[in-house]
Amino acid sequence: MAVPIVWTPKARAVLTAASELFYTHGISAVGVDTIAQHAGVTKKTLYDRFGSKERLVVEYVTERDRRWREFLAAELAEADPEPSQQILAVFDAAAAWARAEGTKGCGMINAHAEISDPAHPAYTVMVGQKRWMLEMFMNLARSAGHAHPQRVAQQIMMLHEGAVVTTGMMAVEGAFESAASAVSTLLAQPSV
């Protein structure tokens, strides 16, 4: 088991720098020298706090996942509590997140494009976020009374992820709104 990180101000500075650089340029493209320089610390400090670049990558995806979940929870707490409306609110939240945090697309998808080995410790975080989202959609579909909540959740998830990707690529303007419209149609079908 990994030694817990002591979250000193310098450790936070390293994670902040790594997060900005990994998201903007890609994990493989960013070396520890660049991270240390961007954080205003020595390479020794970086290794003293994190032990390896791999551990820093794990902390990056873990922190990004934590921030997304907190952001989404706050957005859903403000939305209409009816389950179908909660599903649609996820799309509104994702659009707001993309405007504020995600000009390069989904951090998990981007990281997975570089780290597809299930043995890598960041892999479970990346895939875990997507499984958590699918489970959330399934629970909401079940609460909304759909006869086949797993199938509905998978369809919603595909629409959500498609909107995430096309927004990040700037390929479809209003992708989240279009996806939410498709989800509304899907949810209105009584036999779904």
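Shown above is the structure to which this text applies.
Reference entry: report on the structure contained in this document. In this convention, every chain numbers its residues from 1, walking through the sequence in written order. It should be noted that, the model being predicted, local features are given only for residues of pLDDT at least 70 and side-chain atom pairs only at 80 or more, the latter also being counted only at that level, while totals for whole chains, interfaces and linings use all residues. The side-chain figures draw on all heavy atoms in the structure; neither hydrogens nor water molecules are used.

Once that is clear, we can look at the overall build of the protein. The helix and strand tally for the protein stands at nine helices and zero strands. Strands are runs of DSSP state E lasting at least 2 residues, helices are runs of H or I lasting at least 4, and numbering of each runs from the N terminus. Listing every helix and strand of the protein by position from the N terminus yields α-α-α-α-α-α-α-α-α. Taken over the C-alpha atoms alone, the protein extends approximately 60 × 35 × 30 Å along its principal axes. Residue burial in the protein is summarised as follows: out of 192 residues, 45% are buried. Contact definition: two residues touch when any of their heavy atoms are within 4.5 Å. Within the protein, counting contacts between residues at least 6 apart in sequence, those at least 24 apart form 66% of the total. Summing over all exposed atoms, the protein offers an accessible surface of approximately 10,100 Å²; the carbon and sulfur share of this is 56%. Charge assignment: positive for Lys and Arg, negative for Asp and Glu; neither His nor the chain ends contribute. Throughout, a charge is located at the NZ atom of Lys, the CZ atom of Arg, the CG atom of Asp or the CD atom of Glu. Looking at the protein, you have 17 positive and 20 negative side-chain charges, and the mean spots of the two groups are 7 Å apart. A simple rule labels every residue: compare its accessible area, found with a 1.4 Å probe on the protein chains alone, to the largest value its type can have, and call it buried under 20%, exposed over 50%, or partly exposed in between. Accessible surface is estimated by sampling points in the Shrake-Rupley manner with a 1.4 Å probe; for residues, cover comes only from the protein chains shown.

Attention now goes to a negative patch on the surface. Any residue with relative accessible area above 30% and no salt bridge may belong to a patch, with like charges joined within 9 Å and the nonpolar Val, Leu, Ile, Met, Phe, Trp and Tyr side chains within 5 Å. The term salt bridge refers to a side-chain nitrogen of Lys or Arg lying within 4 Å of a carboxyl oxygen of Asp or Glu. Residues Glu 75, Glu 78, Asp 92 and Glu 177 make up a contiguous surface patch of negative charge. Locating Asp 92 in the fold gives a position in helix H5 (residues 83-101).

Attention now moves to empty space enclosed by the protein. As defined here, a cavity is a set of points on a 1 Å grid over the protein atoms alone where a 1.4 Å probe fits but cannot get out. A pocket is an open set with protein on both sides within 12 Å along at least five of seven lines, and residues line them when an atom is within 4 Å of a point. Grid points are joined across faces, edges and corners, and a volume is the space filled by probe spheres set on the points. Evaluation of the coordinates by the stated rule reveals one cavity of 30 Å³ or more. Reported here for the largest cavity is a volume of approximately 240 Å³. Residue lining of the largest cavity: 19 residues in total, with Trp 68, Trp 97, Cys 106, Gly 107 and Val 164 positioned closest to the centre.

Okay, the layout of surface pockets next. Over the atoms, a rolled probe matching the size of one water molecule traces out where space is still vacant. Within this model, the largest pocket holds a volume of roughly 230 Å³. Every residue along the wall of the largest pocket is listed here: Arg 12, Leu 15, Thr 16, Ser 19, Glu 20, Tyr 23, Thr 24, Tyr 60, Glu 63, Arg 64, Arg 67 and Glu 101. Of all the secondary-structure elements, those providing two or more residues to the lining of the largest pocket are helix H1 (9-25) and helix H4 (53-78). Here the lining of the largest pocket gets seven residues from one element, more than from any other, and that element is H1.

Looking now at the side chain of Gln 86. Its place among the elements puts Gln 86 in helix H5. Since its relative accessible area comes to 12%, Gln 86 is described here as buried. Counting of polar contacts relies on pairs of N or O atoms within 3.5 Å, with two restrictions inside protein: one atom must be capable of donating a hydrogen and the other of accepting it, and residues adjacent in sequence are counted only when both atoms are side-chain atoms. Within the local environment of Gln 86, its side chain forms a polar contact with the backbone oxygen of Asp 80, the two atoms lying 2.9 Å apart. For Gln 86, the contacting residues outside a window of four places in its chain are Leu 76, Ala 79, Asp 80, Pro 81 and Leu 140.

Counted by the stated rule, this structure contains eight salt bridges. The salt bridge partner of Arg 66 is Glu 70, with a shortest N-O separation of 2.7 Å. With Arg 66 and Glu 70 both in helix H4 and four residues apart, this pair spans about one turn of that helix. The class of Glu 70 is partly exposed, set by a relative accessible area of 48%. In this structure, the salt-bridge partner of Lys 130 is Glu 161, at a minimum N-O distance of 2.8 Å. Highlighted residues: Lys 130 in helix H7 (residues 123-143) and Glu 161 in helix H8 (residues 149-168), separated in sequence by 31 residues. Residue class for Lys 130 comes out buried when judged on its relative accessible area of 18%.

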